[in-house]
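This is what each chain is made of:
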Amino acid sequence: MWRQQTRNLCSVTGGRSLKAEKWDALVIGGGHNGLTAAAYLARSGLSVAVLERRHVIGGAAVTEELVPGYKFSRCSYLQSLLRPALIKELELNRHGLKMLKRSPSSFTPCLDGRYLLLGPDKELNYSEISKFSKRDAEAYPRYKNQLENFCKFMDPLLDSSPPESLQGISSFNARMKSKLQKSVFWAHFLRRALVLGQKEMVDFMDLLLSPASVILNNWFENDVLKATLATDAVIGTTGSPNTPGSGYVLLHHVMGETDGDRGIWSYVQGGMGSVSLAISRAAKEAGATIVTEAEVSELMIEDPGRVCGVLLADGTQVRSSVVLSNATPYRTFMEFVPKNVLPDDFLRAIKNSDYSSATTKINLAVNKLPQFHCCKLGNPDAGPQHMGTIHIGSETMEEIDSGCQDSVNGIPSRRPIIEMTIPSVLDKTISPPGKHVINLFVQYTPYKPSDGSWEDSAYRKSFAERCFTLIEEHAPGFISSIIEYDMLTPPDLEREIGLTGGNIFHGAMGLDSLFLMRPVKG
């Protein structure tokens, strides 16, 4: 029923036929980024059509009811990085977006019976960290403060267009305007660097370039705290805390905010598809047309190398002189653009971009909450340990690195690194009463394992059971609570969601592929 409702919401609206007119702009893909572009273009008075390959909009920010009564956020499962200006300008709250803050936001159970809770409550943080180290409890607020200062420094960059070089032939006025815009950008950037100060700027560069393990070892002494924080430095990547540059990923995951509270990750009522649905409502209210089950096969190019629309898989031609792509750079330039149109050096750079992934997402329907033996509560109701991200298999940074090395050697981690979330504790709309939805974000799983294939159902089941057994060590009875589950390995994420290589970032977030280097230099 939910699936059918979604299709009705996202079918062609406004009485326009796709092929009956020439559109001002087309957007390939109805992920949240494509929908956002469509909303802003439509608000400026342009005619816009969004073409989504799947039966449901959202891309990786999607809600699907794969088990009757249980609504899974199949890929993305938490919100924080959606820019505040976007939420305000598109009035997403009016369009149904409701975020559910988590407190505590982190729980790390230990096999020896200890546990660590962390969250926005400063007194809770001090009390919890003190169980492991008084020194770390005193250092933690300073660590958080430094990261917040770095985030404030980065904020204007996140809301600005990168000062990219003009491509192709342009007029004198266009070149002068571009130079002026770039000068203003860099002047603003340098002014902010001066305000930050040299010491802080050196610390900032240290964070960007260093392995997260070095940063965390310099700040803290306790393994459990360091490992809990280190998970933010590796999530979605193929690297370990010892990988140079992983400090930036650590910063990336504290950049966001919820309702003005920095670094807070929230659930979204109705699942992550509600983010995409709210943006789509804003886009349609402004006049955009959104079409599902409209797969683009290639861009139509006319002489001299100018886009004139797209060709759908069913042979339909949709015309426009402007096409935006919500697909990955690889799919866009290597698969959609006809051959012999783009420069060889550009295509070579796109082809050689890093899309490696070691991420698997498992979504479960369960009949009861996991009971962690370290809490010794014996209460079936939700407690603070169920509210936030539950870190399984990562009591030390060495454990995380060991799991990573397994993947480097071609096999899924023997003891996977798992981030468990239970959104149904706060969101009563996604599961039947007394039952729950659980998300497992699992690392490390190579795209092509050397000891088997993700196409082999027995191999897939074996890995899923490996994850469930690891959770069972911390929460006896977990396996018996599972009703049904859905698993997306890197090849599944590529095939079903369109994420090249299964990479959740549309390409690795290495220092060689950020800002002006993204997706490739120039």
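Everything numeric in this text was worked out from a predicted model, so none of it was measured.

1. With respect to unusual backbone geometry
At step 1: At the junction of Q443 and Y444, the peptide bond is cis and its omega measures out at 10° in the coordinates.
At step 2: Summarising the element assignment, Y444 is placed in the loop between β20 (436–443) and α15 (457–474).
At step 3: Going from R518 to P519, the amide bond is cis rather than trans, its omega being 0°.
At step 4: Here P519 shows up in the segment after α16 (490–497).
At step 5: In the Ramachandran plot, E91 falls in the positive-phi region, its phi being about 50° despite a non-glycine side chain.
At step 6: Relative to the helices and strands, E91 is located in the loop between α3 (84–89) and β6 (99–101).
At step 7: One non-glycine residue, N340, lies in positive phi territory at about 65°.
At step 8: By secondary structure assignment, the location of N340 is in the loop between α12 (329–336) and α13 (344–351).

2. A short note on the nonpolar core
At step 1: Grouped together as the largest cluster of nonpolar side chains are 48 residues, with contacts concentrated most on Y143, M154, F204, F220, L229 and L251.
At step 2: Of all elements in the fold, only β8 (115–118), α5 (134–158), α6 (172–196), α7 (198–209), α8 (212–219), α9 (223–234), α10 (246–252) and α14 (397–408) reach the threshold of two or more residues within this core.
At step 3: Top contributing element to this core by residue count: α5, with 10 residues.
At step 4: Setting aside residues no more than four positions away along its own chain, L229 makes contact with L118, Y140, Y143, L216, F220 and L250.
At step 5: Residues F107, V425, W454 and F478 belong to the second largest nonpolar core, which totals 31 residues.

3. Considerations on α5
At step 1: Between its first and last C-alpha, α5 extends 36 Å over 25 residues, near the 36 Å set by a 1.5 Å rise per residue.
At step 2: Y140 marks the point of greatest bend in α5, at about 30°, and the proline P141 comes within the next four residues.
At step 3: For α5, the capping residue at the N-terminal end is S133, with a side-chain oxygen 3.4 Å from the backbone nitrogen of R135.

4. As for the side chain of T500
At step 1: Position of T500 relative to the elements: it lies in the segment after α16.
At step 2: Using a relative accessible area of 9% as the deciding quantity, one classes T500 as buried.
At step 3: When residues no more than four places from it in sequence are discounted, the contact partners of T500 are T328, Y330, R331, Y355 and E494.

5. Some words on a nonpolar patch on the surface
At step 1: A cluster of nonpolar residues, M205, L209 and L511, forms a patch on the protein surface that exposes about 260 Å² of accessible area.
At step 2: If you trace the backbone, M205 turns up in helix α7.

6. Let's talk about the UniProt feature "domain: Amine oxidase" (unreviewed entry) in the protein chain
At step 1: UniProt marks residues 244–359 with the feature "domain: Amine oxidase" (unreviewed entry), using the numbering shown here.
At step 2: Counted over residues 244–359, helix gives 31% and strand 28%. Its end C-alpha atoms are 20 Å apart.

7. Things to note about the pairing of strand β7 (residues 106–109)
At step 1: Alternating positions in β7 separate into two faces, S106 and T108 on one and F107 and P109 on the other, with burial throughout.
At step 2: As paired strands, β7 and strand β18 (residues 389–392) are joined by two bridges and run parallel to one another. Each residue of the ladder has a partner; that of F107, found in β18, is I390.

8. Some words on the sheet that holds strand β3 (residues 48–51)
At step 1: As summarised here, the arrangement of the four strands in space is β12-β3-β2-β16, forming an open sheet in which the pairing is parallel. What marks the edges here is a single partner per strand, and that holds for β12 (289–291) and β16 (323–325). Neighbour to neighbour, the strand axes of the sheet diverge by 20° on average, direction disregarded.
At step 2: Summarising the sheet, strand β2 (residues 25–28) and β16 pair through three bridges and their orientation is parallel. The residue bridging I28 from the neighbouring strand is S325, located in β16.

9. Quick notes on the sheet that holds β7
At step 1: With mixed pairing, the seven strands of this open sheet are ordered in space as β8-β7-β18-β19-β20-β17-β21. Among the strands making up the open sheet, the edge pair consists of β8 and β21 (482–488). Pairwise comparison of adjacent strand axes, ignoring direction, gives a mean angle of 20° for this sheet.
At step 2: Seen against the sheet, α9 touches β7, β8, β18, β19 (417–421) and β20 and runs at an angle of roughly 55° to β8.

10. Focus: the packing of α5 against α6
Any two packed helices are characterised by how steeply their axes cross, that is the angle between the axes, and by the distance between the axes.
At step 1: In contact at an axis separation of 10 Å, α5 and α6 are set at 175° when each is read in the N-to-C sense. It follows that α5 is roughly antiparallel to α6 by the angle criterion. Here α5 contributes K152, F153, P156 and L157 to the contact with α6, which in turn contributes F185, H188, F189, R192, A193 and L196.
At step 2: For the contact of α5 with α6, the per-class residue count stands at seven nonpolar, one polar and two charged.

11. Describing the packing of α5 against α7
At step 1: At their nearest, the axes of α5 and α7 sit 11 Å apart, and the two run at 90° to each other. Considering their axes alone, α5 and α7 lie roughly perpendicular with respect to each other. Here α5 contributes Q146, L147, N149, F150, F153 and M154 to the contact with α7, which in turn contributes E200, M201, D203, F204 and L207.

12. Side note on the packing of aromatic side chains
At step 1: Applying the stated criterion across every chain, the model contains 21 aromatic pairs.
At step 2: Geometrically, the ring pair formed by Y143 and W219 is edge-to-face, given 5.6 Å between the ring centres and 70° between the ring planes. Of this pair, Y143 sits in helix α5 while W219 sits in helix α8, placing them 76 residues apart in sequence.
At step 3: Judged by its relative accessible area of 3%, Y143 falls in the buried class.
At step 4: On the numbers, 6.2 Å between centres and 75° between planes, the contact of Y330 with Y355 is edge-to-face. Taken together, the positions of Y330 in helix α12 and Y355 in the loop between α13 and β17 (359–366) put the pair 25 residues apart, joining distant regions of the chain.

13. Description of the pattern of salt bridges
At step 1: Taken as a whole, this structure holds 22 salt bridges when the rule is applied.
At step 2: Of the charged contacts, one joins D159 and R83 as a salt bridge, the two residues approaching to 2.9 Å between their closest N and O atoms. A residue pair is termed long-range when its members are at least 10 positions apart, and D159 in the loop between α5 and α6 and R83 in the loop between β5 (70–73) and α3 qualify at 76 residues.
At step 3: Exposure remark for D159: the relative accessible area of 48% places this residue in the partly exposed category.
At step 4: D155 is paired through a salt bridge with R262; the nearest N and O atoms lie 2.8 Å apart. Taken together, the positions of D155 in helix α5 and R262 in strand β10 (residues 261–262) put the pair 107 residues apart, joining distant regions of the chain.
At step 5: Since its relative accessible area comes to 17%, D155 is described here as buried.

Rules used in this analysis
- Residues numbered from 1 in each chain as written.
- Predicted model: local features only at pLDDT ≥ 70, side-chain atom pairs only at ≥ 80, totals over all residues.
- Heavy atoms only, no water.
- Helix = DSSP H or I, 4+ residues; strand = E, 2+ residues; numbered from the N terminus.
- Core = buried A, V, L, I, M, F, W, Y, C linked by side-chain atoms within 4.5 Å.
- Buried < 20%, exposed > 50% of the residue type's maximum accessible area, 1.4 Å probe, protein only.
- Contact = heavy atoms within 4.5 Å.
- Expected span 1.5 Å × (residues − 1).
- Bend = angle between axes of the 7 residues up to and from the residue.
- Polar contact = N/O pair within 3.5 Å; in protein donor to acceptor, adjacent residues only side chain to side chain.
- Patch = residues over 30% accessible without salt bridge, like charges linked within 9 Å, V, L, I, M, F, W, Y side chains within 5 Å.
- Areas by Shrake-Rupley, 256 points an atom, 1.4 Å probe, with all protein chains shown as cover.
- Salt bridge = Lys/Arg side-chain N within 4 Å of Asp/Glu carboxyl O.
- UniProt positions renumbered as here; feature names shortened; annotations may be inferred.
- Pairing = 2+ DSSP bridges.
- Axes fitted to C-alpha atoms, helices over the stretch in contact; angles between N-to-C directions.
- Parallel < 35°, antiparallel > 145°, perpendicular 65-115°, else oblique.
- Nonpolar A, V, L, I, M, F, W, Y, C, P; charged D, E, K, R; others polar.
- Phe/Tyr/Trp six-rings, centres within 6.5 Å; stacked < 30°, edge-to-face > 60°.

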